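# Fold and contact review
Below are the chains, spelled out letter by letter.
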Amino acid sequence: MQKNLNVSKYRNGDLISTGLDNIQWNITEQGSYAIYGNDIQMEQLYGKLYNWFVVSDMRGVCPLGWKVPDENDWNKLVTSLDPIADTLCITCDQSSIAGAMIKTNQSGSWINGSIGNNGSGFTSLPAGSRNYYGLFSVEGEDGYWWSQDQDSTNKAWFRAQYFSSNIFERRSEFKQHGFSIRCLKE
């Protein structure tokens, strides 16, 4: 998809939990989403921020025939744009070449920062995050997208981009973080 996911229900129609305060967000192990600063304009621009438990829920968050990308899918995207990208690293900067082709070319999308050429059509946007403690941060500055793969019992993999460069990174973080989701056609 060329936009961040913005759904409030699983594929089967069940509602995804929302409205959690900071303490509830920190301790939940159920799928939940938040809207950056509870601002409807942010939701329309960036989509919702989901914890990883939404990604792993068997009810599915992506439309039928679509899925949340796994590590192999993310690496295929990166190497299709930059054949010498580092996809063997554990936690790393994978590629600035691929990053520029993933990052939107819309002026003003990234606060005080670089824009890419969006040669891939991915159109990454800086939706920011809701961290482990329930606090919102870096809207307009950074973008994060979940992978369906876990790093450990408590953490899962994601991809990141920052306002200051076109680097596309592979990282892991606590599953309670709220990041964007992109769906990939199966």
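Structural data are supplied above this passage.
Computed from a predicted model, the values in this text were never measured in an experiment.

## Some details on the environment of Arg11
- Structurally, Arg11 can be placed in the segment before strand S1 (17-18).
- The exposure class of Arg11 is partly exposed, given its relative accessible area of 41%.
- Sequence separation of Arg11 and Arg170 is 159 residues, and the distance between their C-alpha atoms is 27 Å.

## Re the sheet that holds S1
- Taken together, three strands build an open sheet; the order of strands is S1-S2-S3 and the sheet is mixed. Of all the strands in the sheet, the pair left with one neighbour each is S1 and strand S3 (49-50).

## A closer look at the environment of Phe168
- For Phe168, the location among the structural elements is in strand S10 (residues 168-174).
- Here Phe168 falls in the buried class, since its relative accessible area comes to 0%.
- With residues up to four places along the chain from it excluded, the contact list for Phe168 reads Trp74, Val78, Cys92, Asp93, Gln94, Ser95, Gly99, Ile102, Trp145, Arg159, Ala160 and Gln161.

## Quick word on the pattern of salt bridges
- Using the criterion set out here, one finds nine salt bridges in the structure.
- Glu43 is paired through a salt bridge with Lys48; the nearest N and O atoms lie 2.4 Å apart. Each member of the pair Glu43 and Lys48 is classed as buried.
- Between Lys67 and Asp73 there is a salt bridge, with its nearest N and O atoms 2.8 Å apart.
- A cluster of three or more residues bridged by salt bridges with shared partners is formed by Asp14, Asp57 and Arg59.

## Re the packing of aromatic side chains
- Applying the stated criterion across every chain, the model contains 14 aromatic pairs.
- Ring centres of Tyr144 and Tyr162 lie 6.2 Å apart, and the angle between their planes is 75 degrees; on these two criteria the pair is classed as edge-to-face. Of this pair, Tyr144 sits in strand S8 (residues 142-150) while Tyr162 is found in strand S9 (residues 155-162), placing the two residues 18 residues apart along the sequence.
- Judged by relative accessible area, Tyr144 falls into the buried class, the value being 10%.
- Judged by relative accessible area, which is 21%, Tyr162 ranks as partly exposed.
- Each ring, one from Phe158 and one from Phe179, has its centre 4.6 Å from the other, and the planes form 45 degrees; the classification is tilted. A residue pair is termed long-range when its members are at least 10 positions apart, and Phe158 in strand S9 and Phe179 in the loop between S10 and strand S11 (184-185) qualify at 21 residues.

## Comments concerning the layout of surface pockets
- Within this model, the largest pocket holds a volume of roughly 210 Å³.
- Around the largest pocket, the lining is made up of 14 residues, and of these Met1, Leu77, Phe122, Cys183 and Leu184 lie nearest the centre.
- Among the elements that take part in the lining of the largest pocket, helix H4 (residues 71-81) stands out by supplying three residues, more than any other.
- In the lining of the largest pocket, the residues fall into eight nonpolar, three polar and three charged.
- Of the voids in this model, the second largest pocket is the one considered here, and its volume is about 160 Å³.
- Along the walls of the second largest pocket sit Gln2, Lys3, Asn4, Asn6, Glu43, Gln44, Leu45, Tyr46, Gly47, Gln106, Thr123 and Leu125, which together make up its complete lining.

The rules behind the values
Residues numbered from 1 in each chain as written. Predicted model: local features only at pLDDT ≥ 70, side-chain atom pairs only at ≥ 80, totals over all residues. Heavy atoms only, no water. Helix = DSSP H or I, 4+ residues; strand = E, 2+ residues; numbered from the N terminus. Buried < 20%, exposed > 50% of the residue type's maximum accessible area, 1.4 Å probe, protein only. Pairing = 2+ DSSP bridges. Contact = heavy atoms within 4.5 Å. Salt bridge = Lys/Arg side-chain N within 4 Å of Asp/Glu carboxyl O. Phe/Tyr/Trp six-rings, centres within 6.5 Å; stacked < 30°, edge-to-face > 60°. 1 Å grid on protein atoms, 1.4 Å probe; cavity = no way out; pocket = protein on both sides within 12 Å on 5 of 7 lines; lining within 4 Å. Points joined across faces, edges and corners; volume = space filled by probe spheres on them. Nonpolar A, V, L, I, M, F, W, Y, C, P; charged D, E, K, R; others polar.

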